[in-house]
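Next come the chains, spelled out residue by residue.
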Amino acid sequence: MQAAVLRGTQNGYDLVLKQSASLDQILVDLKALLENLKVDPQVMDTTVSLDVLTEDRILTADEKTKIEQLVAGYPRFEIHKIAANVITLADAIQLRERENVHLLSKIIRNGQEVVMQGDVLFLGTIHEGGKLRTSGNIFSMGNVAGILQAGYPDDESKLIMGNLQTAQQVRIAEQFDIVEPEQLTDSRQTIAYVNDLHVLSYGKLEQLKKINPKLYNQIGGI
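Residues numbered from 1 in each chain as written. Predicted model: local features only at pLDDT ≥ 70, side-chain atom pairs only at ≥ 80, totals over all residues. Heavy atoms only, no water.

A.B. asks: Can you walk me through the nonpolar core in this structure?
C.D. replies: For soluble globular proteins, nonpolar side chains are generally found buried alongside one another. Phe122, Leu132, Leu148, Ile160 and Val170 are the most contacted members of the largest nonpolar core, which totals 22 residues. Sorting the residues of this core by element identifies β7 (113-116), β8 (119-122), β13 (147-150), β15 (169-172) and β17 (190-194) as the ones contributing at least two each. Setting aside anything within four residues of it in sequence, one finds leucine 132 in contact with Leu104, Ile108, Val114, Met116, Val120, Phe122, Ile126, Ile138, Ile147, Leu148 and Gln149. Residues Leu30, Leu34, Leu50 and Val52 belong to the second largest nonpolar core, which totals 21 residues. (Core = buried A, V, L, I, M, F, W, Y, C linked by side-chain atoms within 4.5 Å. Buried < 20%, exposed > 50% of the residue type's maximum accessible area, 1.4 Å probe, protein only. Helix = DSSP H or I, 4+ residues; strand = E, 2+ residues; numbered from the N terminus. Contact = heavy atoms within 4.5 Å.)

As structure tokens, this is what we get:
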């Protein structure tokens, strides 16, 4: 059985590394495969991009380096990505965190930044110059004089709910607004979101169904 098998796809080539083979055998078979391909008339004048698939095997950093170094010795071949059918425990924990709503009750002082994953229910205080940043939504029931950022780094579908009247700055993905005095009302029902024109806008909780139907359905309506 070959430890390295090349498969043609619509987007290029998949290089399958058999999970049952040792790394030494993979390197031997991969070198033989590349040697044969470099004189193949179909690829001699082109650059071949390889998606390396390792089945149910997660390569270590050292194993990845050895494979990358071997392929690098053949200028017409380049690795586009290395992917497995499984994920690491750290990846699984990170995905799990993104599904949860995290409760955060603390003081974020000037110059401090708290970075989180997933939705956040904030019950603390953010001083001017402090920042709370997360990949999900922010539901704020605390006192905010600093910066709130949802949807980090580039998810414009997220939103921020709460009293934003005293916030220094509101950010969703890469869109932001510097909140001016008396710009917003003193209300915990304010929603900051990115509209269809990719501009940060404000609405009220009663408009959530129109602003974000998916989130409205997730929380069972209001």
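A.B. asks: Looking at this structure, I do not really get the sheet that holds strand β12 (residues 143-144). What am I missing?
C.D. replies: Pairing between the strands of a sheet comes from backbone hydrogen bonds, and it takes one of two forms, parallel or antiparallel. Pairing within the open sheet is parallel, and its three strands lie in the order β6-β9-β12. Whereas interior strands pair on both sides, the edge strands pair on one side only; in this sheet they are β6 (107-108) and β12. In the sheet, β6 pairs with strand β9 (residues 125-126) via two bridges, with the strands oriented parallel. Of the residues in β9, the one forming a bridge with isoleucine 108 is isoleucine 126. (Pairing = 2+ DSSP bridges.)

Any functional reading would require information that these geometric values do not contain.
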